[in-house]
Number of protein chains: 2
Amino acid sequence: MLSQRRKDMASQTEENYLKALYSLSVGKIEVNISELSAALNVSNPTVNSMVKNLKTKGLVKYEKYKPLSLTEKGRKAAALIVRKHRLTEMFLVEKMGFGWEEVHEIAEQLEHVSSSKLFDRMDELMDFPLVDPHGSPIPDRNGNISESAYEPLSKFSVGRKVKLAALGHSSTEFLKFLNSRELSLGTEIEIKSIEPYDGSMVLSYQNRASETFTQAVCESLLVERVG
Amino acid sequence: MLSQRRKDMASQTEENYLKALYSLSVGKIEVNISELSAALNVSNPTVNSMVKNLKTKGLVKYEKYKPLSLTEKGRKAAALIVRKHRLTEMFLVEKMGFGWEEVHEIAEQLEHVSSSKLFDRMDELMDFPLVDPHGSPIPDRNGNISESAYEPLSKFSVGRKVKLAALGHSSTEFLKFLNSRELSLGTEIEIKSIEPYDGSMVLSYQNRASETFTQAVCESLLVERVG
DNA sequence: AAAATTTGTTAGAAGACTCTAACATATTAG
DNA sequence: CTAATATGTTAGAGTCTTCTAACAAATTTT
């Protein structure tokens, strides 16, 4: 028997649009068609027609030539997909021994599994983690999320001691780069100096007395103050 | 970024056709178009065109108006999907606390995840199980499977002591029925009597001194001799 | 063997998701 | 403010998977 989705459910494709829209909406309300096509690697007309479709399903707000945004229903649907994604990532790392740089691709596929029981069970087995392996918060069963108040390392000054709490993005390349510098979540860091010319920072942490990171990298290292 | 399958890989739909064909091929070589449409709950013309497609991909052998069969390539591809399915079922039961009647639906979706690393990791964490929660053998990484030599309980005579080793099929209803009779894999069973009229059997096992099962049920209980 | 039934095939169409080409509107630069 | 650029829309088409209706071949029944 070919297992087919219940027709009141979003297709995998629709779920991917919602999720992308949700990510792009962080920190702002409205999103361009073009931003969405870039994020999904799909043409503008394709997004245009999908957006019309999602509008008829009450998942997005949209008027011709205007930017779009998620409705409350769409926001919740997206948050629940993100929940599945992040619980999966955490489960793969915590319970199955994967590295934080390996889990995104797998979670991209697993997040579309419909059984919420599977994900609630992961949640339970991990004792209800608050964040995923990259420090991003995990939405609860109702799609509510606690926005983290972490700040980019680049905002701090010399002498400041901080703890790495989350990442601004988690591309495989970035994660491998952090692995190569032995930098992981929870690591305490001290800012030794800042190069005024390009904003790069010299940091000290654990076994590493003096590691230099570009400003771009430091903007993606989200930290909290220590001491 | 919309995650798309590599184009040399079978689509989820194609995978479902291969898997169905594989299941229907157990104990015989050739399969009818109609059997396949019934198994997949899809019309004959749909199967017909998909079979042509799978033929061009070298996965099935087929001539107009003749029955079909898997090529070696198709057989292996199918076995690897079955591997993913059965490892997932076992993992859900062994490592995540699901009941054997809950795991089929979830595994139907998970089996299409492309990462073989995920499934090899499950395999490792379970210490390489040979069978799934319903006693069906798990194909190895090369798609090879050890055909089980278990026989249906219905073939044995009064007085015989056997051990429940596997199930002929594992529909949710059947599994719930077995749960209600406290019958699980590994249980030792003695045949107390057989009703000549309808072939139903009275069995004794564990706490149950005398439970009656229809012939149909006994044909789906695969056992090995004990003592 | 002819008739009835079952099984398989072809043709044509529809829905979901995608594209390119061409056109329309909005925004930015001069 | 007009021109240039960026962004958004429409039209038309293609692939994948599915369907129904109509027909063809094979099998079974009588």
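As a convention, each chain's residues are numbered from 1 in the sequence order in which they are written. Here every chain gets a letter starting at A, and every ligand a number starting at 1, in the order they are written. Note on the predicted model: pLDDT of at least 70 is required for a residue's local features to be given, and 80 or more for side-chain atom pairs to be given and counted; whole-chain, interface and lining totals, by contrast, use all residues. As a convention, hydrogens and water are excluded, and side-chain values are obtained from all of the structure's heavy atoms.

1. Focus on the protein's contact with DNA strand C
Short version of the rule: Any residue with at least one heavy atom within 4 Å of a molecule or strand is counted as near it. Polar contacts, as used here, are pairs of N or O atoms within 3.5 Å; protein pairs need one atom able to donate a hydrogen and one able to accept it. Residues neighboring in sequence count only if both atoms are side-chain atoms.
Taken together, 21 residues surround DNA strand C, and among them Thr46(A), Ser34(B), Asn48(B), Lys52(B) and Tyr62(B) come closest. Here DNA strand C approaches the protein such that, of its atoms within 4 Å, sugar and phosphate make up 77%. Backbone polar atom of Ser43(A) to a phosphate oxygen of DNA strand C: 2.9 Å apart, as the coordinates give it. In the model, a phosphate oxygen of DNA strand C is placed 2.5 Å from a nitrogen or oxygen of the Lys52(B) side chain.

2. Here we look at the protein's contact with DNA strand D
Operational definition: Under the scheme used here, helices are H or I runs from DSSP no shorter than 4 residues and strands are E runs no shorter than 2 residues, and both carry numbers assigned from the N terminus.
Contacts to DNA strand D come from 21 residues, most closely from Ser34(A), Asn48(A), Lys52(A), Tyr62(A) and Thr46(B). Here the atoms of DNA strand D within 4 Å of the protein split so that 79% fall in sugar or phosphate, with bases taking the remainder. Take Ile33(A): an N or O atom from its main chain is 3.5 Å from a phosphate oxygen of DNA strand D. One of the side-chain N or O atoms of Lys52(A) is found 2.5 Å from a phosphate oxygen in DNA strand D. Put simply, the parts of the chain that give the surface near DNA strand D at least two residues each are helix H2 (33-40) and helix H3 (44-56) of chain A together with helix H1 (12-24) and helix H3 (44-56) of chain B.

3. Section: the packing of aromatic side chains
Basically, it comes down to this: Pairing of aromatic rings covers Phe, Tyr and Trp, the last through its six-membered ring, and needs centres within 6.5 Å; plane angles under 30 degrees mean stacked, over 60 mean edge-to-face, and all others mean tilted. Throughout, exposure labels follow a simple rule: accessible area from a 1.4 Å probe, protein chains only, divided by the maximum for the residue type, with under 20% read as buried, over 50% as exposed, and the rest as partly exposed.
Overall, the coordinates contain five aromatic pairs over all chains when judged by the stated rule. For the pair Phe91(A) and Phe91(B), a centre-to-centre distance of 6.4 Å together with 85° between the ring planes defines the contact as edge-to-face. Of this pair, Phe91(A) sits in helix H4 (residues 72-94) while Phe91(B) sits in helix H4 (residues 72-94), placing the two residues on different chains. Phe91(B) matches Phe91(A) in its accessibility class, with the two residues each being buried. Each ring, one from Tyr205(B) and one from Phe213(B), has its centre 6.4 Å from the other, and the planes form 40°; the classification is tilted.

4. Concerning the domain arrangement of chain A
All names here are of chain A. As a reminder of what qualifies: Marked domain ranges trace back to an automatic or database domain assignment. Contact criterion: two residues are considered in contact whenever any of their non-hydrogen atoms come within 4.5 Å of each other. Here the quantity called buried area is the accessible surface, traced with a 1.4 Å probe, that two parts lose on coming together, added over both.
Here chain A is described as being made up of domain 1 (1-147) and domain 2 (151-225). When each unit is reduced to the centre of its C-alpha atoms, the spacing between domain 1 and domain 2 is 28 Å. Each partner contributes residues to the interface: domain 1 has five residues there, and domain 2 has 12 residues. The largest contributions to the domain 1 side of the interface with domain 2 come from Trp100, Glu101 and His134, which together make up 77% of the buried area. Seen at the junction of domain 1 and domain 2, the total is three residue pairs in polar contact (both at pLDDT 80 or more).

5. A closer look at the sheet that holds strand S8 (residues 221-225) of chain A
All names here are of chain A. Here is the rule we go by: Two strands make a pair as long as DSSP finds a minimum of two bridges between them. Between N-to-C directions, angles span 0 to 180 degrees; the directions come from axes that are lines fitted to C-alpha atoms, helices contributing only their stretch in contact.
The strand order S3-S8-S4-S5-S6-S7 describes an open sheet built from six strands, whose pairing is antiparallel. Each edge of the open sheet is held by one strand with a lone partner, namely strand S3 (151-152) and strand S7 (208-213). Set on the sheet, helix H7 (residues 172-180) makes contact with strand S4 (161-167), S7 and S8; between it and S4 the angle comes to about 145°.

6. Brief notes about the side chain of Ser200(B)
All names here are of chain B. Tracing the chain through its elements places serine 200 in the loop between strand S5 (188-194) and strand S6 (201-205). A polar atom in the side chain of serine 200 sits 2.9 Å from the side chain of aspartate 198. When near neighbours in sequence (up to four residues on either side) are disregarded, serine 200 contacts Ser193, Ile194, Glu195, Thr212, Phe213, Thr214 and Gln215.

7. A closer look at the interface of chain A and chain B
To be explicit about the condition: A side-chain nitrogen of Lys or Arg and a carboxyl oxygen of Asp or Glu constitute a salt bridge if their distance falls within 4 Å. In this classification, Asp, Glu, Lys and Arg are treated as charged, Ala, Val, Leu, Ile, Met, Phe, Trp, Tyr, Cys and Pro as nonpolar, and every other residue, Gly included, as polar.
On the chain B side, the residues contacting the 30 residues of chain A number 30 residues. A buried area of about 2,500 Å², summed over both sides, lies between chain A and chain B, and 62% of it is on carbon and sulfur atoms. For the pair chain A and chain B, the number of links is two salt bridges. Among the salt bridges present, the one from Lys117(A) reaches Glu102(B), with a minimum N-O distance of 2.3 Å. Linking chain A with chain B are six residue pairs in polar contact (both at pLDDT 80 or more). Breaking the side of chain A that touches chain B down by element, the ones donating at least two residues are helix H1 (12-24), H2, H4, helix H5 (103-110) and helix H6 (116-125) of chain A. If you tally residues by element for the side of chain A that touches chain B, the top one is H6(A), at five residues. Residue composition of the side of chain A that touches chain B, grouped by class: 16 nonpolar, nine polar and five charged.

8. What to know about unusual backbone geometry
Residues and elements named next belong to chain A. In this model, tyrosine 65 sits at a positive phi of 70°, which is unusual for a non-glycine residue. Its place among the elements puts tyrosine 65 in the loop between strand S1 (60-61) and strand S2 (69-70). Overall, tyrosine 65 belongs to the exposed group, its relative accessible area being 81%.

9. Re the relation of the copies chain A and chain B
Cut-off, in case you're wondering: Overlaid copies result from least-squares superposition on C-alpha atoms, with residues included only where pLDDT is at least 70 in both.
Of the transformation superimposing chain A on chain B, the axial component is 0.0 Å and the angular component is 180°, with the fit at an RMSD of 0.1 Å. Such a combination of rotation and displacement between the chain copies is what one expects of a two-fold axis. Closest approach to the rotation axis within chain A is made by the C-alpha atom of Leu110(A), at a distance of 3.5 Å. In this assembly the copies share their binding face: 100% of the residues contributing to the interface of chain A also contribute to that of chain B.

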